[in-house]
Every structure is written in C-alpha cells, then in structure tokens.
Amino acid sequence: MARRGAAAGVPIVLGYLPVALTYGVLAGQSGMSISELTLMSVLVFAGAAQFLAVSMIAAGTGAIEIIIAAFVLNFRHFVMSLSFMNRLREITLRAKLPMSLGLTDETFTMSSLHKKEAKQKYGAYFYASLILTAYLSWVGGSFVGGALGDVIPSRLSESMGVALYAMFIGLLIPSVKKHHRIVFIALIAMTVNFICQAWGMSEGWSIVAGTLLGGLSGVWILDDEGEDI
C-alpha cells in the first residue's frame, strides 16, 4: 500500500521540483540562508505562502505581517483538512492528524482521486506515503535550489524572479476561467494594496489589507454563483 501511495505521488514530485528549485533560488536572493529557506519548507510546506513570504522578506516586511498574510492565504487548508478527515472515517484520528498537516492543493486533489483506499486495510499507509513523497520532494528541491543560487550565473538567477509573478498568475487564471467574477476580487485586492501604500502604510500591511478585503469581497461578488463553486 505504501508503494502505491509513493507511485501516486510521482506526478506531484514532477510538478514540485522545478517550483521548489525556483523558490530556493529566490529565497537565497532575498537574503535567507540555505538552512532558513529549507526550514521554512519543512515547517510551512505551502508553495504560494512561501513565495509570498519571500517577496515580503525581500521588501523588508516584518514577521507579523508575513505570518498574517500567509495565514489568510492558506485559510483554505482548514476546509481541506476537514474534508480529508471526514473522508477517512475508518482511519484513526491519531493517523489523520499528522497527515492533515501535509495537505496541499496537490496532495488533497490526488487523495480525492483515490477514495477507495480509505476503506481498505492499511489505507492510512497509502495516504501517508503519498503525502511524504510530495513533502520530501518539496523540501529537497528547496534545499537544492538554495545551494544552486550560489553557483548558477547571476543573470540566470535574477531572471528566475519572474517565476514569483508567473506562479500567482498561474493560480489566478484557472479560477478566472471558471468564475469570471474572480477577476474583480483580484482588482479589489490590488486597488486596496495600492491605496494603502499611497497613504503611507508599509508594504507588508498593505498586502495583508489587500488580501483580507479582497477575500471578503468574494462573499458578495460570488454570492449568486454559489451553486457553481
């Protein structure tokens, strides 16, 4: 069962490695040491939040702003964890709790495609192996990226900075294609961020304000699309 879980995690590994490498390089450029950027992957294990944190660290943002912004960005993980635990009713709570900490968009999606394993004997080993495979690839890729940042040509490493913006655009476009009104949420967040900075608010708190108000606006903007979400 564990081998099947590891095999199911291979597609995630193939997607994680290039992104993790990029994260490692960018985190190194922001001033983080290899141990610091690797430890962030070990403790956080959330690509979008880590990229956001790196950009805020590079801008000199304080720790409190970074923590709040990452918390808001990853709030969806609470919903994913509840759904994951509800699906695995036959697995003990002691086994589900550590696995819920390893849930990401990718591991949650892959586990959703393998629901029957939850009812099989030793099904917990399947999901644990799936999550562990993805986790180790992310942490390992982050470490290698941090190490490569010191040896690859500076022009190449600087050009990888565009990956930060490409990643967030890549997260936004699929959602906009499915629900066109989401573009208004993004515009509201951008506008709030711009106004806050124009009023003299720090970049970190401006990002937090834009994230919070943009997310709250979705309650009304997407209200009548509830059946489609």
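Parameters at a glance
- Residues numbered from 1 in each chain as written.
- Predicted model: local features only at pLDDT ≥ 70, side-chain atom pairs only at ≥ 80, totals over all residues.
- Heavy atoms only, no water.
- Helix = DSSP H or I, 4+ residues; strand = E, 2+ residues; numbered from the N terminus.
- Buried < 20%, exposed > 50% of the residue type's maximum accessible area, 1.4 Å probe, protein only.
- Contact = heavy atoms within 4.5 Å.
- Areas by Shrake-Rupley, 256 points an atom, 1.4 Å probe, with all protein chains shown as cover.
- Arc of directions from axis to C-beta.
- Core = buried A, V, L, I, M, F, W, Y, C linked by side-chain atoms within 4.5 Å.
- Phe/Tyr/Trp six-rings, centres within 6.5 Å; stacked < 30°, edge-to-face > 60°.
- Polar contact = N/O pair within 3.5 Å; in protein donor to acceptor, adjacent residues only side chain to side chain.
- Patch = residues over 30% accessible without salt bridge, like charges linked within 9 Å, V, L, I, M, F, W, Y side chains within 5 Å.
- Salt bridge = Lys/Arg side-chain N within 4 Å of Asp/Glu carboxyl O.
- Axes fitted to C-alpha atoms, helices over the stretch in contact; angles between N-to-C directions.
- Parallel < 35°, antiparallel > 145°, perpendicular 65-115°, else oblique.
- Left-handed = near helix turned anticlockwise from the far one by under 90°.
- Nonpolar A, V, L, I, M, F, W, Y, C, P; charged D, E, K, R; others polar.
- pLDDT = per-residue confidence, 0-100.

Enquirer: An account of the overall build of the protein is needed here, citing residue identities and associated values.
Expert: Scanning the protein from N- to C-terminus turns up 13 helices and zero strands. For the protein, the N- to C-terminal ordering of α and β elements is α-α-α-α-α-α-α-α-α-α-α-α-α. Taken over 229 residues, the protein has a buried fraction of 41%. Considering only contacts in the protein between residues 6 or more positions apart, those separated by 24 or more positions represent 73%. By element, 69% of the accessible surface of the protein is carried by carbon and sulfur atoms, the whole surface being about 13,000 Å².

Enquirer: Explain helix α7 (residues 93-100) to me, and be specific about the residues and the numbers.
Expert: Within the sequence span of α7, burial applies to Lys96, Met99 and Ser100. Seen along its axis, α7 keeps its buried residues to an arc of 95 degrees; they face one direction.

Enquirer: Tell me about the nonpolar core, and please be specific about residues and values.
Expert: Formed by 34 residues in total, the largest nonpolar core has its most connected members in Tyr23, Met32, Met99 and Tyr127. Elements supplying a minimum of two residues to this core: α2 (10-29), α3 (34-43), α4 (47-58), α5 (63-73), α6 (76-87), α8 (105-112), α9 (123-148) and α13 (203-221). In this structure, tyrosine 23 is in contact with Met32, Leu37, Met40, Ser41, Gln50, Phe51, Val54 and Ser142, ignoring residues within four places of it in sequence.

Enquirer: Before we move on, can you summarise the packing of aromatic side chains with the specific residues and values?
Expert: In the structure shown here, the tally under the stated rule is eight aromatic pairs. Grouping aromatic residues by their ring pairs yields a cluster made of Tyr16, Tyr23, Phe45, Phe51, Tyr135 and Trp138.

Enquirer: Let's hear about the side chain of serine 129: which residues, and what values?
Expert: Secondary-structure assignment places serine 129 in helix α9. Since its relative accessible area comes to 13%, serine 129 is described here as buried. A distance of 2.6 Å separates the side chain of serine 129 from the backbone oxygen of alanine 2, its partner in a polar contact.

Enquirer: An account of unusual backbone geometry is needed here, citing residue identities and associated values.
Expert: A positive phi angle, close to 50 degrees, is found at phenylalanine 45, a residue other than glycine. By the secondary structure assignment, phenylalanine 45 is in the loop between α3 and α4.

Enquirer: Which residues make up a nonpolar patch on the surface, and what are the values?
Expert: On the surface, a cluster of nonpolar side chains totalling about 540 Å² of accessible area is made up of Leu212, Leu213, Leu216, Val219 and Trp220. Note on placement: valine 219 falls in helix α13.

Enquirer: Summarise the packing of α2 against α8; cite the residues concerned and give the values.
Expert: Between α2 and α8, the shortest axis-to-axis distance is 10 Å and the interhelical angle comes to 165 degrees. Taken together, the axes of α2 and α8 lie roughly antiparallel to each other. Here α2 and α8 pass one another in a crossing that is right-handed. Two secondary-structure elements touch here, α2 through Pro11, Ile12 and Tyr16 and α8 through Glu106, Thr107 and Met110. Per-class residue counts for the contact of α2 with α8 are four nonpolar, one polar and one charged.

Enquirer: Mind laying out the packing of α4 against α5, listing which residues take part and the relevant values?
Expert: At a minimum axis distance of 9 Å, the contact between α4 and α5 shows a crossing angle of 155 degrees. Classified by the interaxial angle, the pair formed by α4 and α5 is roughly antiparallel. For α4 against α5, the interelement crossing comes out right-handed. Between α4, through Ala48, Ala49, Leu52, Ala53, Met56 and Ile57, and α5, the contact on the second element is made entirely by Glu65, Ile66, Ala69, Ala70 and Leu73.

Enquirer: How would you sum up the confidence of the model for the protein? Please name residues and give values.
Expert: Per-residue confidence for the protein averages 81 on the pLDDT scale, and 89% of its residues sit at or above 70. The secondary-structure element of the protein with the lowest mean pLDDT is helix α10 (residues 154-159), recorded at 68, while α3 shows the highest, at 94.

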